[in-house]
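Inside the fold
Here is how the chains run, residue by residue.
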Amino acid sequence: MRHYLSLILYLAVCLLIVVTFQQNWLNPYIQIVMMFIGINVMLSSSLNLINGYMGEFSCGHAGFMAVGAYAASLLNMGLFTTTSVFGHSIFIGPRYAVFLFPVTLIIAGVAAALVGLLVAIPSFKTRGDYLAIITLAVNYIVKSSIENIQVIGGARGFMGMRQVVTAMTDMIDIPWLMIWILAFIGISIVALKRFVGSTYGKGVIAIRDDEIAAEIMSVNTQRVKLIAFMLSSGIAGIAGGLFAHVLGYINPGTFTIMKSTEIMVMVYLGGMGSLSGSVMSAILFTVMLEFLRPLQLFKWVLIPLLLIVLMLFRPEGLMGNRELTDVFPRLRRLFSSREY
Amino acid sequence: MDIQSFFQDVLNAFQWGSFYALIALGYTLVYGVLLLINFAHGDIFMVGAYIGFFVATFLLGTYAVHLPFHLPHLVIFVLTLVITMILTAGVGVTLERVAYRPLRRKGAGRLYIVITALMAGLILENGNLALLGASRKAFPTLIHDTVYTVAGVSFTNIRIVVILAALAVFLFLETIVRKTKIGMAMRAISFDRVAVPLMGIPIDTVIVFTFILGSSMAALAGVLFVSAYPVLEPYMGAMIGWKAFIAAVVGGIGDIRGAFIGGFLLGFIEIFVAAVFPSTFRDLISFGILLIFLSLKPTGIFGVARAQKI
Amino acid sequence: MPLLEFKQINHFFGGLQAVHNFNLTLESGELIGLIGPNGAGKTTIFNLMSGFYKPTQGDILFQENSITHLKPHQVTALGLARTFQNIRMWNSMTVLENLCISQHYRMGYSFMDAIFSTKTYHENEKAVVNLAMEILDILGLSSAANEYPKNLPYGLQRRVEIGRALTIKPSLLLLDEPAAGMNPSDIDKLIELIRWIRERFHLTIWLIEHQMKVVMSLCERLCVLDFGQIIAEGSPSDVKNNPRVISAYLGDEGADDAEN
């Protein structure tokens with residue numbers, strides 16, 4: 001029973017959120033902010049795998065998000081609406097949207113993971129600053145490629161994802177997007193937590209601490225890096241797919257280095273190598289962004305400044321590399337994972 | 001492609017290569033000394049261009065105050081260059097003092113300094129945007145375009161100035177780094193930052209000097225750039241900064257010759273790619289080159305791999 | 001059947017020849033020492049064996065299979081474990097975690113098993129932790145299992161590093177200057193430990209060491225390296241009196257003095 005406590009608690013929270021959405025107790029603005037919080041939780045925790053646990057400095061996470069966003073949108077528009085670039089070729093009708101939506105999201109994640117190979121393969125030979133540049137280059141390459149494909153809107157962007165959401169709510173009228181966001185948060189956090197908690201996944205931390213020792217002490221560093229980068233970019237892709245459907249409109253300009261920076265700020269704010277830190281900082285940061293909205297342009301002076309101050313006075317972030325259960329050991333009794 | 005447009009392209013490539021090279025120098029100098037990628041450098045270039053704009057319009061008497069005298073345009077141009085270089089060097093040094101040095105003193109990891117650099121760049125960009133607004137500014141014409149045509153290839157005087165300036169800077173910096181005492185100190189610091197202060201070399205002075213050199217070269221590039229393409233906007237430094245950075249990496253970051261060769265190489269590739277592909281592919285191809293280059297030879301053309309010891 | 005064979009190994013760093021025609025055969029169960037002045041190429045030999053460097057020429061055979069072109073983790077997986085000259089533990093993880101991760105090559109599950117928390121995953125994880133605890137027990141380190149390596153005294157850190165190498169279940173253990181930076185009483189303990197683990201795990205051990213006390217009391221055979229070349233080989237007492245060894249260590253005058 002105790003083993004499932006965290007799951008039950010999470011489901012209860014989800015249920016509560018879904019009911020408030022269903023009953024429209026919150027105004028639409030707050031609902032959208034909550035959805036962005038969820039997406040940011042996925043983004044920051046997946047980036048933490050690379051920037052925190054592996055100790056690399058990936059600053060192109062928005063690129064993978066873009067791949068996922070475009071893949072999911074194109075696929076969904078093609079399957080469930082007739083207004084897309086595919087015309088009727090893959091159209092199967094709006095009534096399947098309810099069932100196939102998560103599948104298309106996972107396909108989007110796989111697409112993003114494949115683009116993640118562009119970073120993973122150079123990472124075998126390169127690391128540190130140079131790898132950071134590669135991630136950045138990949139971010140630009142993704143953005144620039146999308147801009148050059150006129151069929152999907154080029155630099156103007158791509159819209160109509162609302163129709164997909166409508167197709168789902170027409171079938172059963174519940175807040176589908178929020179439900180899928182909550183579901184995928186759960187899946188990605190559990191996946192990440194189990195991965196870094198397993199001896200296999202701790203190879204990632206071994207690479208951060210001492211890569212040469214890791215390779216010589218039988219860790220297949222290339223495979224571990226491959227898995228870590230693909231897992232991280234895959235989750236970013238799924239988050240991107242959800243993001244596209246929340247917004248209903250995407251253009252390449254959304255997925256710039258600024259967006260990547262936002263995700264980075266969340267990771268470093270929460271603490272490198274702390275999943276609970278990433279979750280908390282994603283919530284905190286998204287809410288803060290909304291409060292700073294009246295500042296308009298100065299917001300983007302303030303956020304970098306915040307990070308500089310953080311680097312100077314508390315470089316380890318809110319949580320350091322500890323989890324909530326380390327800070328409050330009592331929690332561990334409640335949420336004990338199996339110990340050997 | 002006929003021979004004339006080919007030479008036209010070559011000249012064009014040299015001009016862009018000069019801009020890239022001048023900015024790439026700043027990256028390479030700082031990296032050579034501190035092993036820090038100063039991601040804010042592209043924005044220093046932008047700041048340089050803006051400072052140049054204000055200085056030039058002030059000297060022309062079209063900004064803020066009306067000067068009681070009129071200077072010839074050539075004098076204004078030279079004065080603008082000098083004043084801008086000094087002021088921008090001040091910005092660079094301030095950045096070093098305020099953002100990087102405290103972290104260095106605390107012995108923070110390089111990662112933290114790199115993040116700080118990236119953030120400092122964003123602050124410069126967005127601070128400028130917030131303070132001056134998104135409207136573009138036009139740089140006043142100080143040197144009138146004179147077009148020379150030799151054998152069907154036409155070029156302007158500004159273009160010649162840009163290329164000559166880059167070459168002069170190259171010779172100047174090579175001399176400083178190879179022949180002077182402070183240049184030797186710069187090279188020494190990159191080898192061993194712990195031992196150098198013990199040998200009585202004032203490490204902070206050398207670092208400040210490096211930032212002065214890098215920032216003033218970026219300012220030079222900034223003023224020359226807006227003389228050739230007289231439009232100023234806050235994000236002008238971002239893309240050209242990244243490109244210059246690619247040039248520095250391709251040439252082998254930390255090496256002055258590398259910055260120049262990389263700059264010209266990138267200039268040529270971009271111009272000739274644009275001759276074949278649509279111009280929207282330019283960024284794509286530049287970053288593609290970077291990706292391939294870094295995957296195959298991360299140390300660049302002149303760079304030397306640091307041996308890992310077990 | 002020889003356990004390890006170096007066949008005509010030459011290795012260059014750029015234009016510098018670091019290893020020169022190196023030939024050596026190791027029989028199972030030997031305890032052999034590799035000595036030589038600083039910069040003689042001793043660690044290079046170990047790095048070639050680990051697969052960290054690829055030899056410019058020549059072939060290395062381990063249990064009669066070529067390991068020359070294998071990656072380091074593949075070489076280790078064959079049962080060739082090592083320690084490092086400067087201790088290289090993963091310092092952000094506990095001693096126990098360190099000893100688990102080094103068993104990576106026989107982790108019998110994929111990352112999908114970890115994510116879906118399958119039965120295979122739990123069984124394997126249990127086996128990994130059990131072996132790590134067993135080795136910590138044997139080395140008398142079980143109380144340090146949850147400590148961070150860098151918080152342990154230097155002598156214990158060395159012990160933990162040897163423990164980590166033992167989790168590989170090696171048939172050949174390479175020790176790169178195990179006594180470096182140790183005080184005399186630590187060194188005595190280390191000599192005991194090496195002797196003891198050799199019996200306990202039926203190991204072949206090859207060590208690089210500068211401390212003559214360690215070399216002389218442990219090794220059955222010594223191999224002296226200078227400028228990447230073997231200049232002497234034999235029992236410790238033979239090597240000790242070899243004039244070429246003395247001149248390599250002390251210069252030519254030293255050799256003259258020794259002869260007189």
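Residues numbered from 1 in each chain as written. Chains lettered and ligands numbered in written order. Predicted model: local features only at pLDDT ≥ 70, side-chain atom pairs only at ≥ 80, totals over all residues. Heavy atoms only, no water.

**Details of the overall build of chain A**
From N to C terminus, chain A includes 15 helices and two strands. Relative to the compact-globule value of 20 Å for 340 residues, chain A shows a C-alpha radius of gyration of 20 Å, a close match. Taking the principal axes of the C-alpha coordinates as reference, chain A spans close to 55 × 45 × 45 Å. Within chain A, the proportion of its 340 residues that are buried is 61%. Sequence-distant contacts in chain A: of pairs separated by 6 or more residues, those separated by 24 or more amount to 77%. (Helix = DSSP H or I, 4+ residues; strand = E, 2+ residues; numbered from the N terminus. Rg over C-alpha atoms; globule rule 2.2 N^0.38 Å. Buried < 20%, exposed > 50% of the residue type's maximum accessible area, 1.4 Å probe, protein only. Contact = heavy atoms within 4.5 Å.)

**Quick look at unusual backbone geometry**
Residue and element names in this part refer to chain C. One non-glycine residue with positive phi stands out, namely Q8, at about 50°. Residue placement: Q8 occurs in strand β1 (residues 2-13). Of note, the phi angle at H202 is positive, near 50°, even though the residue is not glycine. What makes H202 exposed here is its relative accessible area of 69%.

**Some remarks on the sheet that holds strand β5 (residues 65-66) of chain C**
Residue and element names in this part refer to chain C. Strand order in the open sheet made by the four strands is β2-β1-β4-β5, with antiparallel pairing throughout. The open sheet terminates on both sides in strands that have one partner only, identified here as β2 (16-27) and β5. Of the strand pairs in this sheet, β1 and strand β4 (residues 57-62) are connected by five bridges, and their pairing is antiparallel. Its bridge partner lying in β4, L4 is registered against F62. (Pairing = 2+ DSSP bridges.)

**Observations concerning the environment of B:S5**
Residue and element names in this part refer to chain B. Turning to its location among the elements, S5 is positioned in helix α1 (residues 3-34). The class for S5 is partly exposed, based on a relative accessible area of 27%. In the structure, S5 is positioned 36 residues away from H41 in sequence and 34 Å away in space, judged by C-alpha atoms.

**Re the side chain of C:S102**
The residue C:S102 is located in the loop between α3 (95-101) and α4 (111-116) in this model. Look at C:S102 and you get buried, because its relative accessible area is 0%. Looking at C:S102, its side chain comes within polar contact range of the main-chain oxygen of C:L99, at 3.1 Å. Beyond its immediate sequence surroundings of up to four residues, C:S102 is in contact with A:M217, A:S218, C:W90, C:R164, C:T167 and C:I168. (Polar contact = N/O pair within 3.5 Å; in protein donor to acceptor, adjacent residues only side chain to side chain.)

**Regarding the confidence of the model for chain B**
The predicted model of chain B averages 85 in pLDDT, with 96% of residues at 70 or higher. Complex prediction metrics read pTM 0.89 and ipTM 0.91. (pLDDT = per-residue confidence, 0-100.)

**Focus: helix α9 (residues 236-251) of chain B**
Residues and elements named next belong to chain B. In a regular helix each residue adds 1.5 Å, so 16 residues correspond to 22 Å; α9 covers 23 Å between its end C-alpha atoms and thus fits that length. For α9, a buried count of 15 out of 16 residues is recorded, marking the element as mostly surrounded by other parts of the structure. Following α9 by one or two positions, G252 has its phi on the positive side, about 105°. (Expected span 1.5 Å × (residues − 1).)

**Concerning a nonpolar patch on the surface**
The grouping of A:L295, A:F298, A:L302, A:L305, A:V309, A:F313, B:L131 and B:L132 at the surface amounts to a nonpolar patch, some 750 Å² of accessible area in total. Secondary-structure elements contributing two or more residues to the nonpolar patch are α13 (299-313) of chain A together with α4 (110-132) of chain B. If one sorts the elements of the nonpolar patch by residue count, α13(A) sits on top with four residues. Looking at the element boundaries, A:L302 is found in helix α13. Residue A:L302 is classed as partly exposed on the basis of its relative accessible area of 38%. (Patch = residues over 30% accessible without salt bridge, like charges linked within 9 Å, V, L, I, M, F, W, Y side chains within 5 Å. Areas by Shrake-Rupley, 256 points an atom, 1.4 Å probe, with all protein chains shown as cover. Salt bridge = Lys/Arg side-chain N within 4 Å of Asp/Glu carboxyl O.)

**Quick word on the pattern of salt bridges**
Applying the stated rule across the entire model yields 26 salt bridges over all chains. In this structure, the salt-bridge partner of A:R293 is A:E290, at a minimum N-O distance of 3.0 Å. Among the ionic contacts, a cluster of salt bridges with common partners joins B:E96, B:R101, B:R104, B:R105 and B:D204.

**So, the side chain of A:H245**
Residue and element names in this part refer to chain A. Relative to the assigned elements, H245 resides in helix α10 (residues 221-247). A polar contact is formed between the side chain of H245 and the backbone oxygen of G241, at a distance of 2.8 Å. Beyond its immediate sequence surroundings of up to four residues, H245 is in contact with A72, S73, N76, F101, M161, V164, V165 and L177.

**So, empty space enclosed by the protein**
Throughout the structure, instances matching the rule amount to four cavities of 30 Å³ or more. Looking at the largest cavity, its volume works out to about 70 Å³. Forming the boundary of the largest cavity are B:L34, B:L35, B:L36, B:Y100, B:R104, B:R110, B:I113 and B:R193. Broken down by secondary-structure element, the contributors of at least two residues to the lining of the largest cavity are α3 (73-105) and α4 of chain B. The residue makeup of the lining of the largest cavity, split by class, is five nonpolar, no polar and three charged. A volume near 40 Å³ is recorded for the second largest cavity. Forming the walls of the second largest cavity are A:L47, A:I50, A:S58, A:H61, A:F64, A:V119, A:T135, A:F229, A:S232 and A:S233. Breaking the lining of the second largest cavity down by element, the ones donating at least two residues are α2 (28-53), α3 (61-80) and α10 of chain A. (1 Å grid on protein atoms, 1.4 Å probe; cavity = no way out; pocket = protein on both sides within 12 Å on 5 of 7 lines; lining within 4 Å. Points joined across faces, edges and corners; volume = space filled by probe spheres on them. Nonpolar A, V, L, I, M, F, W, Y, C, P; charged D, E, K, R; others polar.)

**Comments concerning the interface of chain C and chain A**
Contact with chain C, which involves 37 residues of that partner, is made by 29 residues of chain A. Together, the buried faces of chain C and chain A total about 3000 Å²; carbon and sulfur atoms form 67% of this surface. When the buried area of chain C at its contact with chain A is split by residue, C:H73, C:W90 and C:H104 rank highest and sum to 21% of it. Counting across the chain C and chain A interface gives two salt bridges. C:R88 is paired through a salt bridge with A:D210; the nearest N and O atoms lie 2.7 Å apart. Viewed at the interface, chain A and chain C are joined by 18 residue pairs in polar contact (both at pLDDT 80 or more). Only α2 (72-77), α3, α4, α5 (119-138) and α6 (154-166) of chain C provide two or more residues apiece to the side of chain C that touches chain A. Take the side of chain C that touches chain A: its biggest share by element is six residues, from α5(C). For the side of chain C that touches chain A, the residue count by class is 20 nonpolar, ten polar and seven charged. (Buried area = accessible area lost by both parts, 1.4 Å probe.)

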